[in-house]
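Reading the structure
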Amino acid sequence: QVQLVESGGGLVQAGGSLRLSCVASGSIFSINVMAWYRQAPGKQRELVATRTRGGSTNYADSVKGRFTISRDNAKNTEYLQMNSLKPEDTAVYYCNAFIMTTQFMGADYWGRGTQVTVSA
């Protein structure tokens with residue numbers, strides 16, 4: 001079994017910062033792409049940022065220059081550093097990863113999400 005567990009969400013004022021963490025655990029052979037998504041109330045889930053094992057990153061236009069995705073491959077952990085937060089960043093943030101298990105089965109895994117609320 002594989003689990004993704006997020007942490008680091010909370011309430012912050014506009015202009016503030018938060019760092020989200022996502023730890024992958026279980027029968028992991030390798031992790032390819034890790035990503036962060038978010039879903040605001042009444043809206044569809046949207047991609048925030050992705051990072052490959054090799055270090056290539058991609059960001060949604062709305063967060064470029066403010067958010068940074070990073071990984072600690074040795075710890076199977078990804079991070080999302082969020083700076084200059086805006087009220088429109090308020091959402092539940094989900095960790096996502098494509099993981100190859102020790103039984104060599106690949107699949108997409110999701111965390112349960114962590115709430116980020118940015119007050120004006």
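Keep in mind it's a predicted model, so treat the numbers as computed, not measured.

**Details of the sheet that holds strand β3 (residues 18-26)**
What links the strands of a sheet is backbone hydrogen bonding, and the strands pair in either a parallel or an antiparallel sense. One open sheet accounts for four strands, arranged β1-β3-β8-β7; its pairing is antiparallel. In this open sheet, the two edge strands, each paired with only one partner strand, are β1 (2-7) and β7 (67-72). The average angle at which neighbouring strand axes cross in this sheet is 15°, direction not considered.

**Some thoughts on the nonpolar core**
Ranked by size, the top nonpolar core spans 29 residues in total, and within it W36, V48, F67, L80, M82, Y93 and I99 carry the most contacts. Those elements that place two or more of their residues in this core are β1, β3, β4 (28-39), β5 (46-51), β7, β8 (77-82), β9 (91-101) and β11 (114-119). Tallying contributions element by element places β9 first for this core, with five residues.

**Comments concerning the packing of aromatic side chains**
Considering all chains together, one arrives at two aromatic pairs under this definition. Taking NZ or CZ as reference, R45 lies 3.8 Å from the ring centre of Y94, over its face. Its end group placed over the ring of W110, R45 keeps NZ or CZ at 4.8 Å from the ring centre.

**A look at the pairing of strand β10 (residues 106-110)**
Bridging between β9 and β10 involves five bridges; their strand directions are antiparallel. The residue bridging A97 from the neighbouring strand is Y109, located in β10. Hairpin geometry of β9 and β10 is characterised by an intervening segment of four residues between the two adjacent antiparallel strands and by a positive phi of about 60° at F104.

**Details of the pattern of salt bridges**
One side chain can pair with another of opposite charge once the charged atoms of both are near each other. Under the counting rule described, the total for this entry stands at four salt bridges. Linking D89 and R38 is a salt bridge whose minimum nitrogen-to-oxygen distance equals 2.9 Å. Residue D89 is located in the loop between β8 and β9, and its partner R38 is located in strand β4; the two are separated by 51 residues in the primary sequence. The residues D89 and R38 share a single accessibility class, namely buried. A network of salt bridges, in which partner residues are shared, links R38, E46, R66 and D89.

**With respect to the state of the cysteines**
Working definition: the covalent bond between the sulfur atoms of two cysteines is a disulfide. Within the structure shown, the criterion is met by one disulfide. Residue C22 pairs covalently with C95 via a disulfide, S to S 1.9 Å. Taking the sign of the S-S torsion, -80° for the link of C22 and C95, the bridge is left-handed. Here C95 lies in strand β9 and C22 lies in strand β3, a separation of 73 residues in the sequence. Comparing C22 with C95 shows no difference in burial state: the two are buried.

**Details of the environment of N76**
Within the element layout of this structure, N76 appears in the loop between β7 and β8. Sequence separation of N76 and V33 is 43 residues, and the distance between their C-alpha atoms is 11 Å. If near-sequence neighbours (up to four positions away) are discounted, N76 is found in contact with C22, V23, A24, I28, I31 and M34.

Quick notes on the rules
- Residues numbered from 1 in each chain as written.
- Predicted model: local features only at pLDDT ≥ 70, side-chain atom pairs only at ≥ 80, totals over all residues.
- Heavy atoms only, no water.
- Pairing = 2+ DSSP bridges.
- Helix = DSSP H or I, 4+ residues; strand = E, 2+ residues; numbered from the N terminus.
- Axes fitted to C-alpha atoms, helices over the stretch in contact; angles between N-to-C directions.
- Core = buried A, V, L, I, M, F, W, Y, C linked by side-chain atoms within 4.5 Å.
- Buried < 20%, exposed > 50% of the residue type's maximum accessible area, 1.4 Å probe, protein only.
- Phe/Tyr/Trp six-rings, centres within 6.5 Å; stacked < 30°, edge-to-face > 60°.
- Lys NZ or Arg CZ within 6 Å of the ring centre and 35° of its normal.
- Salt bridge = Lys/Arg side-chain N within 4 Å of Asp/Glu carboxyl O.
- Disulfide = S-S within 2.5 Å.
- Contact = heavy atoms within 4.5 Å.

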